Amino acid sequence: MLPRGVVAREAHGDVEAPLHPREAAQIAKAVPKRRAEYATVRHLAREALGELGIGDAVLVKGEGGGVDWPRNVVGALTHCDGYRGAVVGYRMGVRTVGIDAEPHLPLPDKVLPTVSVESERDVLAGRPDDGLHWDRLLFCAKEATYKAWNPITGRWLGFEDAEITFDLAGRTDDGAEGTFRSRILIDGRAADGGAPIAAFDGHWRITDGLIVTSIAVV
Ligand SMILES: CC(C)(COP(=O)(O)OP(=O)(O)OC[C@H]1O[C@@H](n2cnc3c(N)ncnc32)[C@H](O)[C@@H]1OP(=O)(O)O)[C@@H](O)C(=O)NCCC(=O)NCCS
């Protein structure tokens, strides 16, 4: 689901992992479940960074909510019940990344209208029931979009500010996989010196009760 140059690590449970004192201070007041997911994704991210040859990075959350990655690195984290994931790449080869994971379940009642635009709802309404929860997949693709967008623009992107379209590449025994495009509906000006963002292309996979989406701009 990711191009060369992007290193990913994932886990389906928490691991006992040491935190840097600044990370520990940041998460000290959180409940144990949150501390465990925070530590586990950072452990995974450090493993992935290790594969890039980067050791002992401190991965505190920055003001925007995302991690303050080492200067030469881009990365993204996700956690949901039963899944923790981290992806990283060198900034010189990878402009931005975004990942998200969600349980493969329908969105709760009344959520879809708040996270979709009309054209997306029309497409969803026209789909035959194929056992895939396209509403949750849409949400998952939007969250990955935000994680790819925010670090390079420094700006908010609302659920009404991008339109997602999906392609289904194939079914598997317990799910399916494919690609998606997030068309940006607002001014795509970036703050990283790169070209404005018109759209992101991403991958999705549903397997084992989980949806995972990823975007990597190389
Ligand atoms: C920030 C947001 C995308 C996180 O998604 P989530 O499904 O709630 O949570 P996940 O577990 O998948 O991801 C959490 C990780 O996202 C990362 N994250 C948070 N804010 C981020 C940001 N602004 N940019 C990049 N990554 C961010 C963090 O690393 C966080 O992990 P951590 O708290 O352990 O450091 C979500 O809470 C949100 O605010 N969404 C609204 C914006 C949006 O999605 N717009 C749609 C655009 S089409």
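Our structure's up above, just so we're on the same page.
Residues numbered from 1 in each chain as written. Predicted model: local features only at pLDDT ≥ 70, side-chain atom pairs only at ≥ 80, totals over all residues. Heavy atoms only, no water.

(A) Broad picture of the packing of aromatic side chains. Here the structure, examined in full by the defined rule, presents 5 aromatic pairs. Arranged with centres 5.4 Å apart and planes meeting at 70 degrees, the rings of W134 and W204 form a pair that is edge-to-face. One end of the pair, W134, is in helix α5 (residues 134-153); the other, W204, is in strand β7 (residues 199-207), and 70 residues separate them in sequence. W204 shares its class with W134; the two are buried. Here F139 and F159 contribute two aromatic rings whose centre-to-centre distance is 5.8 Å and whose plane-to-plane angle is 20 degrees, an arrangement assigned as stacked. One end of the pair, F139, is in helix α5; the other, F159, is in the loop between α5 and β5 (162-172), with 20 residues separating them in the sequence. F159 gets classed as partly exposed once you look at its relative accessible area, which sits at 23%. A network of ring pairs unites the aromatic residues W134, F166, F180 and W204 as a single cluster. Of note, R42 hangs over the ring of Y38, and the distance from its end group to the ring centre comes to 3.6 Å. Stacked on the ring of W134, the Lys or Arg R127 has its end atom at 3.6 Å from the ring centre. (Phe/Tyr/Trp six-rings, centres within 6.5 Å; stacked < 30°, edge-to-face > 60°. Helix = DSSP H or I, 4+ residues; strand = E, 2+ residues; numbered from the N terminus. Buried < 20%, exposed > 50% of the residue type's maximum accessible area, 1.4 Å probe, protein only. Lys NZ or Arg CZ within 6 Å of the ring centre and 35° of its normal.)

(B) View of the sheet that holds strand β6 (residues 175-184). The strand order β4-β8-β7-β6-β5 describes an open sheet built from 5 strands, whose pairing is antiparallel. With partners counted over all chains shown, the strands left at the sheet margins are β4 (96-103) and β5, one partner each. Direction aside, the axes of adjacent strands within the sheet are offset by 20 degrees on average. Where α5 meets the sheet, it contacts β4, β5, β6, β7 and β8 (210-217), and its direction lies at approximately 150 degrees from that of β4. (Pairing = 2+ DSSP bridges. Axes fitted to C-alpha atoms, helices over the stretch in contact; angles between N-to-C directions. Contact = heavy atoms within 4.5 Å.)

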